[in-house]
Amino acid sequence: AKIFSRQIKTWDHADIVAENPDLVVPAGQNIVVVHRTLGSSSTAGTTEYMKTACPASWTLDAGSTSNWPDDTTAVQGSGGMAAEIAKTPFAIGYLDAGHGRREGFGEVALQNRNGKYLTTAEANIGLAGTQAVATSVIPADPTSDWSAVNVYNMPGELTWPITLFSYFYVDRDLESQGVDFDTQALLKAFLEYVLSEEGQTHAETYGFVKLPAEVLTYNKDTIASMVFSSTMTPFVREISTAAGTGAGEYILSVKRKSYDTVMHEPIAASLDALDARIAQLTTDVHSASVAQLHGSGTTNPSKFFWNVMHLFKNQAMFPTHLTYRAIGSSSGMHEFVGIDNGNVPQNDFGSGDIPMSSTNFALLKFKMVHIPFAVGAIGIFHSVPAAENGGADVKLDACLLAKIFSRQIKTWDHEDIKAANPNLSVPANTNIKVAHRKEGSSSTAGTTQYLKKACSGSWNLETGSSIDWPADTFEVQGSGGMADYIRENTYAIGYLDAGHGQEEGFGEIALENKAGKSLTTRQANIGDAATVALQTAGAIPDDPAADWSAVNLYDMTGDNTWPITLFSYIYVQQDLRKMDSMTASLLKAFLEYVASDRGQTLMGTYGFVPVPAAVKTKNEATMTSIQFPVGTIDMTFEVDTMMGDGMKLDAISAKRRSFADVQQETLLAEFETAKVAAEARPTVTTTTTTTVVTDNDDNEGDDHDDDHDDDDDDDDSAGGIAWASLIVGVLAAVLAAVAVVKSNPTGSG
C-alpha cells in the first residue's frame, strides 16, 4: 500500500530491506509504479484488497479507477502493463497472474492473511472461493444483492490474497419472461458446459483457475433453482459416437465441425506469431541489424565462452556477432578499465581468474560488479618417473614447495623431500627443474600468493602475476609452454590449471592442505574453498560493486579443500543504460546462460567446477543490481519445444542448429566407434613409428591456459604439420572403423 501510494519511493527503503535482507539494489533506486488507466477490474481488485488488508496505509481511492500520484506511470490495458514492466528496470505493477507468469516476470511474494509469503504460482488460487462459501461471504440466496461480495484477503495457509470471481448475470425466471424455448435450452446447456469438468479444463487454457467443488455445487444448485419452460427440449452433448441418437435435432455433437473451426486454430496461431514479430520489429529497430557482443580477458575459460557464443549465433532468431579475445586477466582488466581509451571500456565485459586489482579499481570512472562464474584449481605437476616413488604421489607441504620454487631446495633427493617421501629413489643430486610462466599470469599470482599466505617464512620472493624468478629456473610461454616443458623434461616441476595437467596425465604433487591432509586436485573437492569463503565473515564483500581485490580462496580450511583455488570472474559495468539495447540484451542473456544449470553443466566439460549454490544466489542478486537500457530484451531459452514462442525474436532456441554442428557430432561419434573397434582388435607390431607433436599455443584457443598478458605467438609449421597428421590419422581410423562395421554388420565374431 505504501509503495503504490508513493509513501515509500525507493527499493532500498529500510522497511523493504527489513523484509528482504539479501536485496542488493543501487542506493536510492526509484520504484517505478505502473497502474492501469480507465476502468479496470484488476485496479479494483488491487486497491480494494489494500483497503481491506491495510486501511491505515492505503491513502488513495479504491475501485476500478483511482487518484494515482503524479509520479506514477499510467498504461493502457494488461498488454500495456506487461510491456512497461518488461522494458523498465525496477518497475512494479499488477497483472492477472497467468499473464505475468507467461511473461516470465519476477513476482512479489505477498504475505497472506495467515502470515505466509507466497507467489501466485505457489498459492492455491481456488482456496479463496472455498473460504468464501465456508464463511458465508457468498449469500445463501443467489438472487440477493452481491455488491459487497469479495474474496480478498481470505484465511488459509495457501490462499492468495488478491482473488476474484468472474460472474454470469442471468434472469432466474426465463419462462415468465417469454424467452424462446430453444434460447432457454441453449443458455442452460451453455451454463452446464462451463461448469462441467470439460468446461473448467477448457477455461484453464485461458488462464483461469477451476472453481472449487463447493462453488461448483453452489452454482449447480443455482441453475436448478432457475425456472425454465416445462415444454423446453434440453440439449444433450454427444462425446462418443451415438449411432442414430447423435443425428437428433437437440444434440450438441463434438463429431460436427465446421471448416472455420478446423482452420481457426492454425490461423489464430499464425496471426499471433505474426503480431508478435511485427510488434518486435516495430518496437526495436535493432532487430534487423547485427547485434554484437565483445569480451576479452583470461584464456582459461575461452573455449567455454566461445562455445556459448557459438550456440547463441546459431540459436538466435536475429543475426549476431559475438567474440571473445583470450588475452589474459591483466589485459582483460586493462581493456575493461579503458586505460588507453580515456577510461572508457574497450570491451562489453571483461573476465579474469583474479579479482580486479586495487590499482585498476581506483582508476574506474564507473561502478563495476564482479560475477564469479566458476571455481578452478591450480595444480602442482611434475615429471619424476612414477617408478622412482613406488607409484605413489610425491608429497609436499607449502613450506617445501616454497623452498623448491625459490631454489632454496635444488635437488629431488634433498633430505626434507626424502623425509616427506621415504620411498622416493632418484639419482643423487638430481636437479629440480623449476618451470614458471613469464609475464602476467593469474596462475603465477595464485601460486605465489598461496605460498606467501601458507608459509611466509619460506617464501622469499615476490607475489603477483609476474615476479623476478631465480636465474636457474626455466621460463615458459603460457600454459601450453608449461605443459610442453614438463612433458619434455624429466624431473621438472611447475604449476598448471588442474584440468590441463590431469588431461596430460602428468604426475601431480599431493599438497598438504590447511587441515594437514595431503591430496591432489583429483582427490580434493575443488568447490569446498568457495563454500568456506562464503561462511567466513568478510571473505567476500556483500556489495558486488565494492573493491574485491583482497578476495582469494587460498589455503581455506576443510579436510578435502584444495589449497590453491580461485574464482573465475566476469567484470560488468553496473550501469549499462548507455549501452546499445541489443548488445545489452545479448550480455544479459550471456550472463544468465553462464549462471544457469545448463551453462554450469557445459562449463564442467572444460574442467571447471560449478560455483556453490550460495554463490549462485549471490550472483542472481548482483544481476538484479545491473541497470540495463530501455529496449533491453529478456531472452527466453527454448529447450523443450515452445510452439509459437520459439519463433519469436527473443527466443534463443536449442531447436535451431547448424549443419556443421550436426556433422561434428556425427564425426565424433564415428571416431568413438573407431576407437572402441581399434582397442578391441589385436595389436599389430610394425616397423614404422609416427611421432605426433601437439602445440598447446594459447592463441589457438587452449582452454587450459591461465590468463596472461603476453600473446603466445609461437605457432610454427611443425605444429600445423602435427595437427594435420593427427587429423589424417583420425579420419583414417574412422574410415577403418566404418569398413570393419560394414564387413561385420551383425557385430558377431
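Residues numbered from 1 in each chain as written. Predicted model: local features only at pLDDT ≥ 70, side-chain atom pairs only at ≥ 80, totals over all residues. Heavy atoms only, no water.

J.: Help me out: how do you make sense of the confidence of the model for the chain in this one?
T.: As a general rule, the predicted coordinates of low-pLDDT regions are not to be interpreted in detail. Here the chain shows a mean pLDDT of 85. Residues at 70 or above account for 89%. Low confidence marks residues 684-728, where pLDDT is under 50. Its contacts with residues over four positions away, or in another chain, come to 102 contacts. With pLDDT under 50 throughout, residues 730-749 is counted as low confidence; its partners more than four residues away or in other chains account for 10 contacts. (pLDDT = per-residue confidence, 0-100. Contact = heavy atoms within 4.5 Å.)

J.: How should I be thinking about the packing of helix H6 (residues 181-195) against helix H8 (residues 213-225) in this particular structure?
T.: How two helices pack is summed up by the angle between their axes together with the distance between the axes. For the pair H6 and H8, interaxial distance at closest approach is 11 Å and the crossing angle is 170°. Taken together, the axes of H6 and H8 lie roughly antiparallel to each other. Where H6 abuts H8, its residues Leu191, Glu192 and Leu195 lie against Leu216, Asn219, Lys220 and Ile223. (Axes fitted to C-alpha atoms, helices over the stretch in contact; angles between N-to-C directions. Helix = DSSP H or I, 4+ residues; strand = E, 2+ residues; numbered from the N terminus. Parallel < 35°, antiparallel > 145°, perpendicular 65-115°, else oblique.)

J.: Sorry, what's going on with the sheet that holds strand E19 (residues 510-512) here?
T.: Consider a sheet: its strands pair through backbone hydrogen bonds, and that pairing is either parallel or antiparallel. Taken in spatial order, the three strands line up as E14-E19-E20 in an open sheet, and their pairing is mixed. Looking along the sheet, the strands with just one partner apiece sit at the ends: strand E14 (395-396) and strand E20 (518-519). With two bridges connecting them, E14 and E19 associate as parallel partners. Paired with Lys395 across the bridge in E19 is Ala510. (Pairing = 2+ DSSP bridges.)

J.: Even after reading the chapter, I still don't get unusual backbone geometry, so can you show me in this structure?
T.: Glycine aside, a negative phi is what most residues show, and trans is what most peptide bonds show. Located in the positive-phi region is Asn429, a residue other than glycine, with phi close to 60°. With respect to the helices and strands, Asn429 occurs in the loop between helix H14 (415-420) and strand E15 (433-437). Residue class for Asn429 comes out exposed when judged on its relative accessible area of 60%. Positive phi values are uncommon outside glycine, yet Tyr491 reaches one of about 70°. Here Tyr491 lies in the loop between helix H16 (478-488) and strand E17 (492-497). For Tyr491, a relative accessible area of 14% gives the class buried. (Buried < 20%, exposed > 50% of the residue type's maximum accessible area, 1.4 Å probe, protein only.)

J.: What exactly am I supposed to notice about the state of the cysteines here?
T.: In protein structure, a disulfide is the covalent linkage between the sulfur atoms of two cysteines. The final tally for this structure, using the stated rule, is one disulfide. Across the disulfide, Cys399 is cross-linked to Cys455 (sulfur-sulfur distance 1.9 Å). In this structure, the disulfide formed by Cys399 and Cys455 twists by about 100° around the S-S bond and is classed as right-handed. Here the residue Cys399 occupies a position in helix H13 (residues 398-405), and Cys455 occupies one in the loop between helix H15 (442-454) and strand E16 (474-476), the gap between them amounting to 56 residues. Cys399 sits in the partly exposed class, given a relative accessible area of 28%. (Disulfide = S-S within 2.5 Å.)

J.: Looking at this structure, how should I read the pairing of E15?
T.: Sheet faces and side chains relate simply in a regular strand, where the side chains alternate between the two faces. For E15, a buried count of four out of five residues is recorded, marking the element as mostly surrounded by other parts of the structure. Two strands pair when backbone bridges link them, and E15 and E17 are joined in this way by two bridges, in the parallel orientation. By the bridge assignment, Lys433 is partnered in E17 with Ala492. Where E15 meets E16, three bridges bridge the pair, whose relative direction is parallel. Counterpart to Ala435 in the pairing with E16 is Phe474. At this point the chain moves from E15, through H15, to the parallel E16, and the crossover so formed is right-handed. (Right-handed = clockwise from strand over helix to strand, strands pointing away.)

J.: I keep staring at the nonpolar core and nothing clicks. Help me out?
T.: One recurring pattern in soluble globular proteins is that nonpolar side chains are buried together. Ranked by size, the top nonpolar core spans 73 residues in total, and within it Leu401, Phe405, Trp412, Ile417 and Ile493 carry the most contacts. Among the nonpolar cores identified, the runner-up in size contains 41 residues, and Leu293, Phe318, Leu591 and Met623 belong to it. (Core = buried A, V, L, I, M, F, W, Y, C linked by side-chain atoms within 4.5 Å.)

J.: Just checking my understanding: could you explain the environment of Gly507 for this structure?
T.: Relative to the helices and strands, Gly507 is located in strand E18 (residues 507-508). Judged by relative accessible area, Gly507 falls into the partly exposed class, the value being 28%. Placed 114 residues apart in sequence, Gly507 and Asp393 show a C-alpha to C-alpha distance of 7.4 Å.

J.: How should I be thinking about the environment of Ser581 in this particular structure?
T.: Among the secondary structure elements, Ser581 is positioned in helix H19 (residues 581-595). Ser581 gets classed as buried once you look at its relative accessible area, which sits at 9%. Put simply, Ser581 and Gly631 are 50 residues apart on the chain and 5.5 Å apart in space, counted from C-alpha to C-alpha.

J.: Explain the pattern of salt bridges here, please?
T.: As a working rule, side chains carrying opposite charge can pair if their charged atoms are close by. In the structure shown here, the tally under the stated rule is 16 salt bridges. Residues Lys188 and Glu192 are paired through a salt bridge, measuring 2.5 Å at the closest nitrogen-oxygen approach. Taken together, the residues Lys188 and Glu192, both in helix H6 and four residues apart, mark about one turn of the helix. Overall, Glu192 belongs to the partly exposed group, its relative accessible area being 37%. Between Asp472 and Arg407 there is a salt bridge; the shortest N-O distance is 3.1 Å. Linking Asp472 in the loop between H15 and E16 with Arg407 in the loop between H13 and H14, this pair joins segments that are 65 residues apart in sequence. Asp472 gets classed as partly exposed once you look at its relative accessible area, which sits at 31%. Its relative accessible area of 8% is what places Arg407 among the buried residues. (Salt bridge = Lys/Arg side-chain N within 4 Å of Asp/Glu carboxyl O.)

J.: Help me out: how do you make sense of the sheet that holds strand E2 (residues 73-75) in this one?
T.: Ordered in space as E2-E1-E3, the three strands form an open sheet in which the pairing is parallel. Whereas interior strands pair on both sides, the edge strands pair on one side only; in this sheet they are E2 and strand E3 (91-92). Note: strand E1 (residues 32-36) against E2, three bridges, orientation parallel. Bridging across to E2, Val34 finds its partner in Thr73. Of the strands in this sheet, E1, E2 and E3 touch helix H3 (residues 77-87), which is tilted by about 170° from E1.

J.: Mind showing me how you'd approach the pairing of strand E13 (residues 368-382) here?
T.: Of all 15 residues making up E13, 15 are buried, and the element is well covered by its neighbours. Relative to strand E21 (residues 565-573), E13 runs antiparallel, the two sharing nine bridges. Bridge pairing links Gly376 to Leu566 in E21. Strand direction decides the pairing type here: E13 and E17, joined by five bridges, are antiparallel. The partner of Ile380 across the bridge, within E17, is Tyr495. Relative to E18, E13 runs antiparallel, the two being bridged by two bridges. Residue pairing for E18: His382 is matched across the bridge by Gly507.

J.: How should helix H2 (residues 41-53) be read in this particular structure?
T.: It helps to recall that an α-helix has 3.6 residues per turn; residues three or four apart then point in one direction. The end-to-end C-alpha separation of H2 is 18 Å, in line with the 18 Å expected for 13 residues at 1.5 Å each. The set of residues buried in H2 consists of Ser42, Thr43, Ala44, Gly45, Thr46, Thr47, Tyr49 and Met50. For H2, the secondary structure elements touched by its buried residues are E1, strand E4 (110-111), strand E6 (151-152) and strand E7 (162-163). (Expected span 1.5 Å × (residues − 1).)

J.: What should I look at first to understand the side chain of Ser351 in this one?
T.: The residue Ser351 is located in strand E12 (residues 349-352) in this model. You can call Ser351 buried: its relative accessible area is 0%. In terms of polar contacts, Ser351 uses its side chain to reach the backbone carbonyl oxygen of Tyr569, at 2.8 Å. Beyond its immediate chain neighbours, meaning those up to four positions away, Ser351 contacts Ser296, Gly297, Thr298, Pro301, Phe305, Tyr324, Ser329, Phe373, Tyr569, Ile570 and Tyr571. (Polar contact = N/O pair within 3.5 Å; in protein donor to acceptor, adjacent residues only side chain to side chain.)

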